[in-house]
Amino acid sequence: MKFINIGFGNMVSSDKITCMVTPDSAPAKRLVQTARESGRLIDASQGRKTRGVLVMENGSVILSALNPDTIAGRLNGTGDSKEAKEQENDD
């Protein structure tokens, strides 16, 4: 099992991620709202702007302050980009 940093020291199991999307589309917003109402939402954005939405195998939805591209880079082992460090430093 491999854990991936999704920002600010928050980690998720890479084996359990079903998909990663941006929160801008109406379907993604509905997904987040439905998860919030049913108690399946985990906000790991630390109060920052949500840039990524992760859907897990068990139906949980996790909000991240990192873009899906940045998280995918970490999954693929390309390491942290300058963009990722800037995103984590944004207030």
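All of these numbers come straight from a predicted model, not from anything done at the bench.

Definitions and limits used
Position numbers for residues count from 1 along each chain, tracking the sequence in the order it is written. In view of the model being predicted, local features appear only for residues whose pLDDT reaches at least 70, and side-chain atom pairs are presented and counted only at 80 or more, with totals across whole chains, interfaces and linings using the full set of residues. In computing side-chain values, all of the structure's heavy atoms are included and hydrogens and water are not. Here a strand is any run of E in DSSP of at least two residues, a helix any run of H or I of at least four, and the numbering for each starts at the N terminus. The buried label goes to any residue with under 20% of its type's maximum accessible area, the exposed label to any with over 50%, and the partly exposed label to all in between, with areas taken from a 1.4 Å probe on protein chains only. Only heavy atoms enter the contact rule, under which two residues are in contact if any of them lie within 4.5 Å. Residue-level accessible areas treat just the shown protein chains as cover; the underlying method is Shrake-Rupley with a 1.4 Å probe. Pairs of N or O atoms within 3.5 Å make up the polar contacts considered here, provided that, within protein, one atom can donate a hydrogen while the other can accept it, and that residues adjacent in sequence are counted only when both atoms are side-chain atoms. Pairing between two strands requires that DSSP report at least two bridges joining them. Whenever a helix is involved, its axis is fitted only over the stretch in contact; in every case the axis is a line through C-alpha atoms, and angles between N-to-C directions fall within 0 to 180 degrees. Only buried residues count toward a nonpolar core, which is a set of Ala, Val, Leu, Ile, Met, Phe, Trp, Tyr and Cys residues joined through side-chain atoms within 4.5 Å. An expected span of 1.5 Å times one less than the residue number is assigned to each helix. Regarding the arc, it is the one traced by the directions from the helix axis to the C-beta atoms.

Can you walk me through the overall build of the protein in this structure?
If you tally the helices and strands in the protein, you get three helices and six strands. Along the protein, from the amino end to the carboxyl end, the secondary structure elements read β-β-β-α-β-β-β-α-α. The buried share of the protein, reckoned over its 91 residues, is 35%. Of the contacts formed within the protein by residues at least 6 apart in sequence, a portion of 49% connects residues at least 24 apart. On the protein, roughly 5,300 Å² of surface is accessible, and the fraction owed to carbon and sulfur atoms is 48%.

When you look at helix α2 (residues 68-75) in this model, what are you seeing that I'm missing?
Side chains three or four residues apart in an α-helix point the same way, a direct result of the helix having 3.6 residues per turn. Buried within α2 we find Pro68, Thr70, Ile71, Gly73 and Arg74. Note on α2: the residue one or two positions beyond its end, Gly77, has a positive phi of about 80 degrees.

What exactly am I supposed to notice about the side chain of Ser45 here?
Its place among the elements puts Ser45 in the loop between β4 (41-43) and β5 (52-56). Separated by 2.5 Å, the side chains of Ser45 and Asp43 make a polar contact.

Teacher, can you tell me more about the sheet that holds strand β3 (residues 17-21) here?
Pairing between the strands of a sheet comes from backbone hydrogen bonds, and it takes one of two forms, parallel or antiparallel. Pairing within the open sheet is mixed, and its four strands lie in the order β3-β5-β6-β4. Each edge of the open sheet carries a strand with a single partner, namely β3 and β4. Strand-to-strand twist in this sheet, taken as the mean axis angle between neighbours without regard to direction, amounts to 20 degrees. Of the strand pairs in this sheet, β4 and strand β6 (residues 61-64) are connected by three bridges, and their pairing is parallel. From the neighbouring strand, Asp43 faces β6, where its bridge partner is Leu63. Against the sheet, helix α1 (residues 26-38) makes contact with β3, β4, β5 and β6, and its axis sits at roughly 115 degrees relative to β6, the strand it touches most.

For this particular structure, what's the right way to read the nonpolar core?
The nonpolar side chains of a soluble globular protein tend to be buried with one another. The biggest cluster of nonpolar side chains holds 10 residues, and these are Ile4, Ile6, Val12, Ile17, Ala44, Leu54, Met56, Ile62, Leu66 and Ile71. Ignoring anything within four residues of it in the chain, the contact list for Leu54 reads Ile6, Val12, Ile17, Cys19, Met20, Ser60, Val61, Ile62, Ser64 and Ile71. The next biggest cluster of nonpolar side chains, apart from the first, holds five residues, and it includes Val32, Ala35, Val53 and Leu63.

Where do I start with unusual backbone geometry in this structure?
With the exception of glycine, most residues fall at negative phi, and the peptide bonds are largely trans. A positive phi angle is found at Phe8, which is not glycine, with a value near 60 degrees. As for its placement among the helices and strands, Phe8 is situated in the loop between β1 (3-5) and β2 (11-13).

Sorry if this is basic, but what is going on with α1 here?
Taking 1.5 Å of rise per residue, the 13 residues of α1 would be expected to cover 18 Å, and the 18 Å separating its terminal C-alpha atoms lies within 8% of that figure. Among the residues of α1, Ala28, Val32 and Ala35 are the ones counted as buried. Angularly, the buried residues of α1 cover 65 degrees about the axis, an arc narrow enough to put them on a single face. With respect to the buried face of α1, the exposed residues turned more than 90 degrees away are Lys29, Arg30 and Glu37. Where α1 is buried, its residues touch β3, β4, β5 and β6. Looking at the residues trailing α1, positive phi occurs at Gly39, about 80 degrees.

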